[in-house]
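# Chains, contacts and geometry: an overview
Each chain, letter by letter, is given below.
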Amino acid sequence: MNRRNLLGTGLTLLLGATAALTAGCGDQAGGGKPLVGVDYPRSDTDFWNSYIKYVPKSAEELGVEVKTTNSQNDVANLISNAQTFMSQGVKGVVMAPQDTAAIAPTLAQLESRKIPVVTIDTRPDTGKVFMVVRADNRAYGTKACQFLGTKLGGKGKVVMLQGGLDSINGRDRTEAFNECMGKEFPGIKVFGEATDWKADVAASKLQTRFASDPDIKGIYMQSSFALSGTLQILKQRGLQVPPTDPKHVFVVSNDGIPEELKNIGDGLIDATVSQPADLYARYGLEYAKAAIEGKTFQPGPTEHGSTIIQVRDGLLEDQLPAPLVTLDGAPVAGQPTLKFDDASLWGRKA
């Protein structure tokens, strides 16, 4: 072989090696980090803004590179954002679909491209994902029921400000609350008000309900989106009084944001269920990274104090702890609660 052929052969080998190296790095972002697309479901509530704040911190701790989008509580935006992620070459996706039925075709498309998906906070009605990371939303409804039923002595009227019933979360919380009330506190009348997770709708419906039933004695807000409007209505009606006052309306919220914890301490609301925004961010990314690395999981206890359950064939859900938080931390209906200033609550550290 002459010198020119040797040079040509050497250049070909070098280019081939470079191409192979580049192809081998395709599964990683810069610096060898796996690239994960994270869609934020909305940024108009304190809970989701807290989650958004925790994502980059968790990504840095886990050694993950993230691309982010925000679907603004619109499944059409989420579907479009998923297309963007695919064009960006992400190797995993973390999302929180609020419409848990309409996302199925997008999940199928991601699966066909071998891009694993982790959903946080919500579980798709159909379709496959690598892992669902959420707390037991039926337990949310049950805990709120037991708190209000106990405080009201099993009598009176309560309003449940439901989220969106197109979401598994809204359905789980609603069904569990109603089932618990019917079984354990049949003397309590429940008014369910669907709000589609919208603060203005919640405030309007609560105002209307008080106009027709001024003797309401309990309110269950399925999320802190309704917090500000609820407090404003109670104040306008002269009902922001201590629990020892017969006019007091017992209020249970759901999220555990800093404002709720402060409100409990100030006597403005009575309890909340602390939904773990920090753990959603961490374990959403951790499971996405694990999926990219080819790891698998089985039902059972985890090393981080939760339990993985099998929801249906091929679908696992890591149910993270979500305690009921009260003013004094005393048990309710035989179940433990945490005091509002407990240092372990993410809302105290946010």
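Okay, so let's go over this structure. Everything numeric in this text was worked out from a predicted model, so none of it was measured. (Residues numbered from 1 in each chain as written. Predicted model: local features only at pLDDT ≥ 70, side-chain atom pairs only at ≥ 80, totals over all residues. Heavy atoms only, no water.)

### Points about the packing of aromatic side chains
Across all of its chains, the model carries ten aromatic pairs by this definition. A centroid spacing of 6.1 Å and a plane angle of 90° characterise the contact between Tyr-40 and Tyr-51, whose relative ring orientation is edge-to-face. Taken together, the residues Tyr-40 in strand β1 (residues 35-40) and Tyr-51 in helix α2 (residues 46-62) connect sequence positions eleven residues apart. Classification of Tyr-51 as buried rests on a relative accessible area of 2%. Arranged with centres 6.3 Å apart and planes meeting at 80°, the rings of Tyr-54 and Trp-346 form a pair that is edge-to-face. Placement of the pair is Tyr-54 in helix α2 and Trp-346 in helix α11 (residues 346-349), with a sequence separation of 292 residues. Judged by relative accessible area, Tyr-54 falls into the buried class, the value being 12%. (Phe/Tyr/Trp six-rings, centres within 6.5 Å; stacked < 30°, edge-to-face > 60°. Helix = DSSP H or I, 4+ residues; strand = E, 2+ residues; numbered from the N terminus. Buried < 20%, exposed > 50% of the residue type's maximum accessible area, 1.4 Å probe, protein only.)

### Side note on the pairing of strand β6 (residues 156-162)
Most of β6 sits out of view: five of its seven residues are buried. Pairing analysis gives seven bridges linking β6 to strand β7 (residues 188-194), with the strands arranged parallel. By the bridge assignment for β7, Gly-156 is matched with Ile-188. With helix α6 (residues 168-184) bridging β6 and the parallel β7, this β-α-β connection has right-handed handedness. (Pairing = 2+ DSSP bridges. Right-handed = clockwise from strand over helix to strand, strands pointing away.)

### Considerations on the sheet that holds strand β15 (residues 338-339)
Strand pairing in a sheet takes place through backbone hydrogen bonds and is either antiparallel or parallel in direction. Ordered in space as β7-β6-β8-β9-β10-β14-β15, the seven strands form an open sheet in which the pairing is mixed. The open sheet terminates on both sides in strands that have one partner only, identified here as β7 and β15. Looking at chain direction, strand β14 (residues 324-326) and β15 are connected through two bridges and run parallel. Considered in β15, the bridge of Val-325 is made with Leu-338. Helix α5 (residues 137-151) contacts β6, β7, β8 (216-221), β9 (250-255), β10 (271-274) and β14 of the sheet and is inclined by roughly 165° relative to β9. In this fold helix α8 (residues 227-236) packs onto β6, β8 and β9, with an angle of close to 165° to the strand it touches most, β8. (Contact = heavy atoms within 4.5 Å. Axes fitted to C-alpha atoms, helices over the stretch in contact; angles between N-to-C directions.)

### Points about the pattern of salt bridges
A side chain with one charge can pair with a side chain of the opposite charge if their charged atoms come near. For the structure shown, the criterion picks out 16 salt bridges. Linking Arg-134 and Glu-317 is a salt bridge whose minimum nitrogen-to-oxygen distance equals 3.4 Å. Placement of Arg-134 in strand β5 (residues 131-135) and of Glu-317 in strand β13 (residues 315-320) is noted, with a sequence separation of 183 residues between them. Overall, the relative accessible area of 1% leaves Arg-134 in the buried class. Glu-317 sits in the buried class, given a relative accessible area of 0%. The salt bridge partner of Glu-286 is Arg-282, with a shortest N-O separation of 3.4 Å. Taken together, the residues span about one helical turn, with Glu-286 and Arg-282 both in helix α10 (residues 277-292) at a distance of four residues. Owing to a relative accessible area of 30%, Glu-286 belongs among the partly exposed residues under this scheme. One continuous salt-bridge network, built from bridges that share partners, spans Lys-157, Glu-193, Arg-209, Asp-213 and Asp-215. (Salt bridge = Lys/Arg side-chain N within 4 Å of Asp/Glu carboxyl O.)

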